[in-house]
Amino acid sequence: MNGTTTTAMFRAAILDPAKRAHYRLAWLSTVDHKRIAVLYLLTALFFFVVAGVEALFMRLQLALPNNHFLHPDTFNQLFTMHGTTMIFLVVMPVVFGFVNYVLPLQIGARDMAFPRLNAFGFWCVPLGGILLHFSVLAGGAPAVGWFAYAPLSETPYSSNLGVDYWAIAIFVMGIGSISLAINIIATVISCRAPGMTMRRLPLFTWINFVNAFIIIFALPVLNAGLAMLLIDRRLEGHFFLPLRGGSAVLWQHVFWAFGHPEVYILALPAFGIVSEIVPVFSRKPIFGYQFVAASSMAIALLSLGVWGHHMFTVGMGRPLDLFFSIASMLIAIPTGVKVLNWTATMIGGRIRFQVPMLFCIAFLIQFLCAGITGISHAVVPLDWQTKNSYFLVAHFHFVAVGAIVFAVLGAVQYWFPKMSGRFLSERLGRWTFWLMVLGFNMTFIIQHFLGLLGMPRRVFTYPDLPHFTWMNMLSTIGVFFMAAAALVLVWNLIASFFGGKTAGDNPWNAWTLEWATTSPPPHENFYALPPIRSRRPLWDVANPDRPDPVVGENSSAIQIVDKNKAGILTFILSEAGFFATLLLAYLYFYAHPQPGPTPRELDVPRTLIFSVCLFASSLTFWRSEIAMRKRQRGSMLGWLALTVALGGIFLVGQGTEYWKLFQTGVDVSTNLFATTFFTLTGFHGLHVLLGLVALLIFLWLAWRGDFASGGEPAFEAAGYYWHFVDVVWVFVLLTVYILPLLR
Amino acid sequence: MNLADPPPPPSPDLVVTGHQFWWQANYPASGVVTANEIHIPTGKALSMRLDSKDVLHEFWVPKLNRKMTTVPGQNNHIWLQADKPGVYLGTCSEFCGTQHAWMRIVVVAEEPSKFEQWQQAQLRSSQAPTSDTAVKGLALFQTSTCISCHAIHGVTGADAGVAPDLTHVASRKQLGAGILENTPANVRLWLKSPQHIKPGALMPDFNYTDKQLDQLTEYLETLR
């Protein structure tokens, strides 16, 4: 096709009304990372307003003691929805939006590694949002708090569909987050521009790369927990129902094993934002790049082992209390290192006090306060007093608003010119900033003292005790300043989008690659990339006489791992977390047997026979892969068909086992052994089934003549998945079938 | 203060059980049963076992001790000690449902001798009412469904443990786990429509007539 016809077709498309409609729809069907990013950001803004209004109503109810403005159930629904919405529909989408926009640009990539998966990940968010809010029409929103402690979240105590919608919505959004994390990892590993070595990555990208791994490890744990909760609620399982032998504390372990890493999932991108803005507005490179990067990894690792500090009052016992206390204090070290890095970057810099920097300075101070109150929660005896009080409410709002939202507002001001080509108004930005500083601190500082005076969280009203009333009133007044700040922000976004000052490619004289292209960037991001030899390629371009020191070897070639391989391995990691959680739940209840059926009812010899079939299918797939590489089509098809057949036999075997159990009256609701057995083997069976569907698709493609050229990464990727499903069965077989024989 | 809590003794001095949305307190040694108001002797560390009948609750009296969650099926233990006499306010601090806000508790610390008097008073069975209205109130208590949930020691058939024990209800400071001061007028108000006063509480509205309300109130006021 030559250039003239393309232009003609393009013009025809613009002029034809029907085709114009298609272009408007293009925002819905887009797979461009920049458009997806904008969709993320707009979704987050919408839900920010929703959850903000919810907060406003709650503060109005709490302005006076013994207030009757809201029904208690309404209030309880409001705080549940406020928390859930702010975390899953505001902060996660907003940081995902910035990551989506900025990360590929910063590494000089044309798009994310998997653009369609990227679109899928985004659309999980509105779907989750709709599911969550649909509960209001389906009998009432959930009223159990954002961590839905069992057994309150179980059907005997929350009988309407609110909790079900809540669980399904978060499950869906969890899948979306995991798919984005896979995409981020594959993009950073496989799509960097020549010269962009890992040691030259901008810190925003580095930190979000690390963050993607926390998502990979943490979200599947939550999804496993939600699956168990839904099995309890809809299929009468007993995981978290103490009346039937289940454990309320297990839910807390599962939830916080996700929930605390989640705090860092939200906070690390904010650290990334600050690590970009502070150097640019101090006109200095970041102080201690390696320390910022390494401390992020330390935070990521430690974050997975601190969840128990949410549970010091459930009676875990002293050894566990001590472990989680120490781990939680340790995490203050890498976090403190970061604060030092940012502060040291500012020292001696020529600081430009523009709006993005103002937000970062406020971030630093407020985050320091949040960190200090945070450490107080790691000190077990202090936590025994402050936990579940307004002190805690104040602490996590200092993290979520004082740190994360402030950093995000800085990011909005910083990257808006890149996204729209226009500056946000500096004057309105200052209004937002000062209103936020005033409103936020007025609302939340006083809540520390309310908590210390004994006001518990999640109460719809309180008695007129000394100091309670004026303190609550002050807190409520503060919210109005924050609401005003939000209104100014929205007005600023609209007005500046249409009439803001033109920004140009690099309005802040920044140094990372997103500023090396037009504002907004063209479809595939770059017309040409500058040479990348250091961490600040644009500094090198602007100052050829005194460039930054070259980092690492001065070679433009970088080793690229195939993105399919990177993607599938990351996916397998996340699946491993999911199954590990189910396995641990199985073992937990195996150690506390309940009356009723036990593993002894299972037919071990028969299971061994069909297990052999499943294991053999890994071997046959391997043979099929070899045949593919040798381009022996017939042999490849044969081995692949045998793989499918063996997988099918396994499923039939498992089906007969289920059938026999059903015949003897054993189903998922019989007792805890049955609940855990069916959940574990059922999810594994489901994965085998999905694997079979994938293999059948590959079989069909191969039959049509695909993969004739030899190496095919997608085929190998499917193989990794299939082997993984078999490995999971090794663990299930050992735990469920072999372990009881050893007793 | 001890560096670490001493291990719990085999039998606790006090068993506190969380219910949606009130506290039950049992004194195993003496057999006293009460609700939403605990009396303790000053200067003594009481061993306290926490239990729950339904969901998670959390016992928190900020001035006296740490928080501790009540977990159904898992007996948690804490120590409770007041050095000075006084009234200490506490509350449930783990969200437990609609009326979590009004699941408050009062701890009354008294000199050991006064505590002993209180304990002796609590151990007495209720006396048969003397006034005509109160007699009718008792009959109402027995014939409407009150007795399927509430216990009154000394009244035949009234031994259920689903709702607060009312044997000495008139001696307590508050109604509805802290929502109202315990006055005859408020008792009447509560009986008229518990769901209006404390929506979501597990006590339903009974739509008593004004006369019945007077009778029940007068009877309950005899339970000192």
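Residues numbered from 1 in each chain as written. Chains lettered and ligands numbered in written order. Predicted model: local features only at pLDDT ≥ 70, side-chain atom pairs only at ≥ 80, totals over all residues. Heavy atoms only, no water.

Novice: Outline the interface of chain B and chain A, listing residues and values.
Specialist: Contacts between chain B and chain A engage 34 residues on the former and 42 residues on the latter. Summing the contributions of chain B and of chain A, the shared interface buries around 2800 Å²; its carbon and sulfur component is 61%. Summed over the shared surface of chain B and chain A, the result is 2 salt bridges. At the surface where chain B touches chain A, the tally comes to 16 residue pairs in polar contact (both at pLDDT 80 or more). Contributions of two or more residues to the side of chain B that touches chain A are made by strand 6 (57–60), strand 7 (68–70) and strand 9 (86–92) of chain B. Sort the elements by how many residues they give to the side of chain B that touches chain A and strand 9 of chain B lands first, with 3 residues. The residue inventory of the side of chain B that touches chain A, partitioned by class, reads 15 nonpolar, 11 polar and 8 charged. (Contact = heavy atoms within 4.5 Å. Buried area = accessible area lost by both parts, 1.4 Å probe. Salt bridge = Lys/Arg side-chain N within 4 Å of Asp/Glu carboxyl O. Polar contact = N/O pair within 3.5 Å; in protein donor to acceptor, adjacent residues only side chain to side chain. Helix = DSSP H or I, 4+ residues; strand = E, 2+ residues; numbered from the N terminus. Nonpolar A, V, L, I, M, F, W, Y, C, P; charged D, E, K, R; others polar.)

Novice: Run through the sheet that holds strand 8 (residues 76–80) of chain B, naming residues and quoting values.
Specialist: Residues and elements named next belong to chain B. Taken in spatial order, the 5 strands line up as 3-2-1-5-8 in an open sheet, and their pairing is mixed. The open sheet has two edge strands with one neighbour each: strand 3 (32–35) and strand 8. Mean inter-strand twist for the sheet, computed between neighbouring axes without regard to direction, equals 25 degrees. Where strand 5 (residues 46–52) lies against strand 8, 5 bridges are found, and the strand directions are antiparallel. The residue of strand 8 that forms the bridge with M48 is I78. (Pairing = 2+ DSSP bridges. Axes fitted to C-alpha atoms, helices over the stretch in contact; angles between N-to-C directions.)

Novice: If you had to explain the pattern of salt bridges to someone new, which residues and values would you point to?
Specialist: On inspection of all chains with the given rule, the structure shows 16 salt bridges over all chains. Between A:D164 and A:R233 there is a salt bridge, with its nearest N and O atoms 2.9 Å apart. With A:D164 in helix 6 (residues 162–190) and A:R233 in helix 7 (residues 203–235), this residue pair connects regions lying 69 residues apart in the sequence. When sorted by exposure, A:D164 lands in the same class as A:R233, which is buried. Taking the shortest distance from any N to any O, the salt bridge between B:D210 and B:R188 comes out at 3.6 Å. On the criterion of sequence distance, the pair formed by B:D210 in helix 5 (residues 210–221) and B:R188 in helix 3 (residues 184–192) is long-range, its members being 22 residues apart. (Buried < 20%, exposed > 50% of the residue type's maximum accessible area, 1.4 Å probe, protein only.)

Novice: Tell me what's going on with the side chain of B:Q20, and back it up with residues and numbers.
Specialist: When you line up the elements, B:Q20 lands in the loop between strand 1 (14–19) and strand 2 (22–27). Judged by its relative accessible area of 12%, B:Q20 falls in the buried class. Within the structure, B:Q20 has its side chain in polar contact with the backbone oxygen of B:C96 (distance 2.9 Å). When residues no more than four places from it in sequence are discounted, the contact partners of B:Q20 are A:L152, A:Y157, B:D54, B:V55, B:H57, B:C96, B:G97 and B:L202.

Novice: Before we move on, could you go through the domain arrangement of chain A and cite the residues and values that matter?
Specialist: Residues and elements named next belong to chain A. When its domains are assigned, chain A resolves into domain 1 (30–542) and domain 2 (563–742). Each of domain 1 and domain 2 has a C-alpha centre, and the two are 36 Å apart. Contacts between the two partners involve 28 residues from domain 1, matched on the other side by 25 residues from domain 2. Of the roughly 2100 Å² buried between domain 1 and domain 2, counting both surfaces, carbon and sulfur atoms make up 78%. It is I182, H238 and F239 in domain 1 that bury the most area against domain 2; as a group they hold 21% of the surface buried on that side. At the junction of domain 1 with domain 2, the criterion picks out 0 salt bridges. On the surface where domain 1 and domain 2 come into contact, there are 3 residue pairs in polar contact (both at pLDDT 80 or more). A per-element tally of the side of domain 1 that touches domain 2 places helix 7 first, with 10 residues. (Domains from an automatic or database assignment.)

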